[in-house]
Amino acid sequence: MIVRVLRSCVIDAPVDIVWPLLRDFNSHARWHPAIAASHIEGGEPPDHVGAVRAFRLRDGGFLREQLIALSDRDMSLSYCLLEAPVRLDGYVATMRLRRVTEGERTFLQWQSRFDSSAGEADALARLVGETIYEVGMAALQARLRRATGALVPAPRPVVPPPSSPLTDVERSGARPLPVLAALQTNAIVIERHGGPEVLIPRRVDVPPPGPGEVRLRHLAIGVNMVDLHGRAGDFGLDILPAIPGMEAAGVVLDVGPGVTHLAAGDPVVYACSPPGAYAEARTMPASMVVLLPPDIAPETAAAVFLKGITADLLLHDVHPLRAGESVLVHAAAGGLGLLLCGWARALGARVIGVVSSDAKAEAAIDAGAAHAVVGGRQDVAAAVRELTGGRGIDVVYDGIGQASFEISLASLARRGHLVSHGQVSGPVGLRDIDSLATKSVRLSRPNFLHFTETAEDLRRRADRLFEALRQGQVRPRIDRRLPLSDAAAAHRRLESRQNIGSIVLIP
């Protein structure tokens, strides 16, 4: 079937500034946040009809597009798709500008058509309309703001009138660029606490940003153990009705008064309370949103940000790890466990991972563990004593809780440190601290929020995480990419500990 996608907006900048930027067929790498690098093949001029631009996306995808028409008189250009990671048969797109007579503003229309099967039409229309066109329009506005130094409002949406001859696919996939007005979006809502079955898809309103706030379009959403606790009603995290989720990466749609470190079109990531990440879009405090470097893809960020910040505070603050120390990591093949294995090794520690299968043992060793112990099949404490020549472990990072607490204590060396940072199997409960004196053991129970209370704390940790990613000290592993609507399946997989690495939801 034929799919047509249309987006349009009014940009608060003169057409004489906007058109020279767009008519450069290779300029998209300078303003679209999804593009990592681009070049014109064969050294052709970037405004030459027939020129082919080859470019790579930040998520690794590679595309080739050809300029097939360009008119300075009409201020329009058209291009077709030659090569792409998704199937968009016969894709032809047109960008057209018009001068707005009231003020120095520009009307931008971006539209395309392509062939698709009926089953994929809606998803592809949303991919093109939202991830490419909406995000691009917001980013173009941000680019013009930086270029002119002016405080330019975000582009105003232009909604096609009801009589416009749009197909059903266009109507379902062509939400106008949402700015400074409430918008409706898809989300996962819980109306009662319980198991994964309480995660229900809903349409929700996303308000415009107020003072100190920012509105985001999510591109990837991280799934974490804390989400399961919120769903179950632990810690008072999710006040019903609630949208769960603490971590996501995306782009800025618009910002509220007083926000200066972010602009429309900026790629961003966050991991913080309050919950609300399981949605296509959300409005939240801008102070907890971090600008995402151009070399970190949104999926990577969503897979590692919360877990990476957690690993940072565990390794650098709760127990500042020293070279030569021995480390025991429980759930070493989970999203956080793999990061702890790699980062601890990079800091000079000898890492032993506790896992539940041979496949997970292989993953932990590949991430940086020197050894892996398969719990349930081996006596973990006995294996640790053997591997350490009877001495025991300097520090245990234990996110399991009740089921592993005694094992962790038994694995410690004298003056060892047990860092109990989670309770997957349930809370540790009341304990006799006098017994810790038999080895002069230290015990810590850190709370993520207490180590990320200020924007400065968060950005400092984020910078350290981003550098660790660049250096290969931590290597993200994505276990599953699931649609947002499959959030319940993601929770079941995480709850049953089937995953090796992180689970990411794609809106």
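Residues numbered from 1 in each chain as written. Predicted model: local features only at pLDDT ≥ 70, side-chain atom pairs only at ≥ 80, totals over all residues. Heavy atoms only, no water.

> I'm lost on the overall build of the protein in this one. Help?
A count of helices and strands for the protein gives 12 helices and 23 strands. On C-alpha atoms alone, the protein measures out to a radius of gyration of 25 Å, which is about the 23 Å that the 2.2 N^0.38 rule sets for 507 residues. When its C-alpha atoms are laid out on the principal axes, the protein stretches across 85 × 50 × 45 Å. When burial is assessed residue by residue, the protein has 55% of its 507 residues classed as buried. (Helix = DSSP H or I, 4+ residues; strand = E, 2+ residues; numbered from the N terminus. Rg over C-alpha atoms; globule rule 2.2 N^0.38 Å. Buried < 20%, exposed > 50% of the residue type's maximum accessible area, 1.4 Å probe, protein only.)

> Sorry, what's going on with the nonpolar core here?
Nonpolar side chains tend to gather and get buried jointly when the protein is soluble and globular. With 86 residues, the main nonpolar core has Phe305, Tyr397, Phe466 and Leu505 as its most contacted residues. Ranked by residues supplied to this core, first place goes to helix α6 (residues 298-318) with 12 residues. Val15, Trp19, Leu21 and Leu124 belong to the second-largest nonpolar core, a separate cluster that totals 38 residues. (Core = buried A, V, L, I, M, F, W, Y, C linked by side-chain atoms within 4.5 Å.)

> Any chance you could explain the sheet that holds strand β21 (residues 442-444) here in plain terms?
Strand-to-strand pairing in sheets goes through backbone hydrogen bonds, with the strands running parallel or antiparallel. Taken together, 6 strands build an open sheet; the order of strands is β18-β17-β16-β19-β20-β21 and the sheet is parallel. The open sheet is flanked by β18 (371-374) and β21, the only strands paired with a single partner. For this sheet the average axis-to-axis angle between neighbouring strands, irrespective of direction, equals 15°. Relative to strand β17 (residues 350-355), strand β16 (residues 326-329) runs parallel, the two being bridged by 4 bridges. The residue bridging valine 329 from the neighbouring strand is glycine 353, located in β17. Packing of helix α9 (residues 380-387) onto the sheet brings it into contact with β16, β17, β18 and β19 (393-398), and relative to β18 it is tilted by some 155°. (Pairing = 2+ DSSP bridges. Axes fitted to C-alpha atoms, helices over the stretch in contact; angles between N-to-C directions. Contact = heavy atoms within 4.5 Å.)

> Whenever I open this one, the layout of surface pockets confuses me. Can you help?
Remark: the empty space left among the atoms is shown by a probe the size of a water molecule rolled over them. Here the second largest pocket defines a volume of roughly 1000 Å³. The wall of the second largest pocket is formed by 43 residues, among which Met225, Val226, Leu336, His421 and Gly422 lie closest to the centre. Elements supplying a minimum of two residues to the lining of the second largest pocket: α5 (225-232), α6, α7 (335-346) and β23 (502-506). Ranked by the residues each element gives to the lining of the second largest pocket, the list is headed by α6, at 5 residues. Split into classes, the residues belonging to the lining of the second largest pocket amount to 23 nonpolar, 16 polar and 4 charged. (1 Å grid on protein atoms, 1.4 Å probe; cavity = no way out; pocket = protein on both sides within 12 Å on 5 of 7 lines; lining within 4 Å. Points joined across faces, edges and corners; volume = space filled by probe spheres on them. Nonpolar A, V, L, I, M, F, W, Y, C, P; charged D, E, K, R; others polar.)

> Can you help me understand the environment of leucine 127 in this one?
Assignment of secondary structure puts leucine 127 in helix α3 (residues 121-148). According to the relative accessible area criterion, leucine 127 is partly exposed, its value standing at 31%. Placed 145 residues apart in sequence, leucine 127 and cysteine 272 show a C-alpha to C-alpha distance of 27 Å. Leave out the neighbours within four places in its chain, and leucine 127 touches Val86 and Ile132.

> Would you mind going over the packing of α5 against helix α12 (residues 487-495) with me for this structure?
Axes are the key here: two packed helices are described by the angle between their axes and the distance separating the axes. Where α5 meets α12, the axes come as close as 10 Å, and the angle between the chain directions of the two elements is 110°. Classified by the angle between their axes, α5 and α12 sit roughly perpendicular to one another. Note on element contacts: α12 touches α5 through His491, Leu494 and Glu495, opposite Met225, Asp227, Leu228 and Arg231. Residues of the contact of α5 with α12, tallied by class, amount to 3 nonpolar, 1 polar and 3 charged. (Parallel < 35°, antiparallel > 145°, perpendicular 65-115°, else oblique.)

> What is the right way to read the pairing of strand β12 (residues 247-255) from this model?
Look at any regular strand and the pattern is simple: side chains alternate between the two faces of the sheet. The buried fraction of β12 is high, at 8 of 9 residues. Two strands pair when backbone bridges link them, and strand β11 (residues 213-223) and β12 are joined in this way by 7 bridges, in the antiparallel orientation. Its bridge partner being in β12, alanine 220 is matched across the sheet by alanine 249. Bridge analysis of β12 against strand β13 (residues 267-271) gives 5 bridges, and the strand direction is antiparallel. Paired with valine 251 across the strands is proline 267, a residue of β13.

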